[in-house]
Amino acid sequence: AVHFLGQPLGMVVEEFAPEALFVAKVEDDEMSVIGRYNAQAPPWRRVRAADYIISVNGDRGASAMARLANSQRCELLISRPRQHTVVVRKQGLPLGLILQYDTFGSSLYIKAVEEGGAVHAAEADIEAGDRAVSVNGRTGSPPALLEGMKAGDVVELRISRP
């Protein structure tokens, strides 16, 4: 759990992507920093699950997470996700995605798309840096998403981009 000045921050963040931090979960607890912010902010300004944190106090990438945990004051640049659905027919091929994930997260980070895999063969709109946030209409933990990718010949992926 990330703390801000000794207080719970109130969100779970996945760090794999160099371009942005992914907000996996936001807690509504008003005892947390984000919970208090969201309680007073208008709906369109609230931090939400699936948002991307582009920078923290102007820092991007790996230093943004350190800044988030160690600053007296944080100014976050948030991006709402752009999402689309891709249907891939495996036709006996592996999907061909190199994935990373945080066990406590809610998505699969796509590190690379391999040539020769079903995604590459289908010319699907999936690229390195994307995140799979649901598989076959189901959300959940990374192990559950991975299990969904193995089932059946047709895989429906909900893809998220910053």
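See the structure above.
Rules and cut-offs
Residues numbered from 1 in each chain as written. Predicted model: local features only at pLDDT ≥ 70, side-chain atom pairs only at ≥ 80, totals over all residues. Heavy atoms only, no water. Pairing = 2+ DSSP bridges. Helix = DSSP H or I, 4+ residues; strand = E, 2+ residues; numbered from the N terminus. Axes fitted to C-alpha atoms, helices over the stretch in contact; angles between N-to-C directions. Buried < 20%, exposed > 50% of the residue type's maximum accessible area, 1.4 Å probe, protein only. Contact = heavy atoms within 4.5 Å. Core = buried A, V, L, I, M, F, W, Y, C linked by side-chain atoms within 4.5 Å. Arc of directions from axis to C-beta.

Engineer: Teacher, can you tell me more about the sheet that holds strand E5 (residues 52-56) here?
Structural biologist: The pairing of strands in a sheet comes from backbone hydrogen bonds and takes either a parallel or an antiparallel form. Read from one edge of the open sheet, four strands run E3-E4-E5-E6, paired in antiparallel fashion. Because the sheet does not close on itself, it has two edges, and the strands there are strand E3 (11-14) and strand E6 (76-79). For this sheet, the mean inter-axis angle between neighbouring strands, taken without regard to orientation, is 40 degrees.

Engineer: Just checking my understanding: could you explain unusual backbone geometry for this structure?
Structural biologist: Most peptide bonds are trans, and most residues other than glycine sit at a negative phi. One non-glycine residue, Asn57, lies in positive phi territory at about 50 degrees. One can find Asn57 in the loop between E5 and helix H2 (62-70). You can call Asn57 partly exposed: its relative accessible area is 30%. Here Gln91, not a glycine, exhibits a phi torsion of approximately 45 degrees, which is positive. As for its position among the elements, Gln91 is in the loop between strand E7 (82-89) and strand E8 (97-100).

Engineer: What am I meant to see in the sheet that holds strand E10 (residues 131-135) here?
Structural biologist: One open sheet holds the five strands; their spatial order is E7-E11-E10-E9-E8, and the pairing between them is antiparallel. Single-partner strands in this sheet number two, and they are E7 and E8. Sheet twist, expressed as the average angle between the axes of neighbouring strands with direction ignored, equals 40 degrees. Against the sheet, helix H4 (residues 142-150) touches E8, strand E9 (108-113), E10 and strand E11 (154-161), its axis set at about 70 degrees to E10.

Engineer: I'm lost on the nonpolar core in this one. Help?
Structural biologist: Looking at soluble globular proteins, one finds that nonpolar side chains tend to be buried together. Leu97, Ile126, Met149 and Leu157 are the most contacted members of the largest nonpolar core, which has 17 residues in total. Mapped by element, the contributors of at least two residues to this core are E7, E9, helix H3 (118-121), E10, H4 and E11. It is E11 that provides the largest number of residues to this core, a total of three residues. Beyond its immediate stretch of four places on either side in the chain, Ile126 contacts Val86, Leu97, Ile110, Val113, Val119, Leu157, Ile159 and Arg161. Counting residues in each nonpolar core, the second largest holds 14 residues, with Val13, Leu21, Val23 and Val26 among its members.

Engineer: Please explain H4 as it appears in this structure.
Structural biologist: Since the α-helix packs 3.6 residues into each turn, any two residues three or four apart lie on the same face. Within the span of H4, buried status applies to Pro142, Leu145, Gly148 and Met149. Each buried residue of H4 sits inside an arc of 120 degrees when the element is viewed along its axis, so together they form one side. Where H4 is buried, its residues meet E8, E9, E10 and E11. Just beyond H4, the residue with positive phi is Gly152, at close to 75 degrees.

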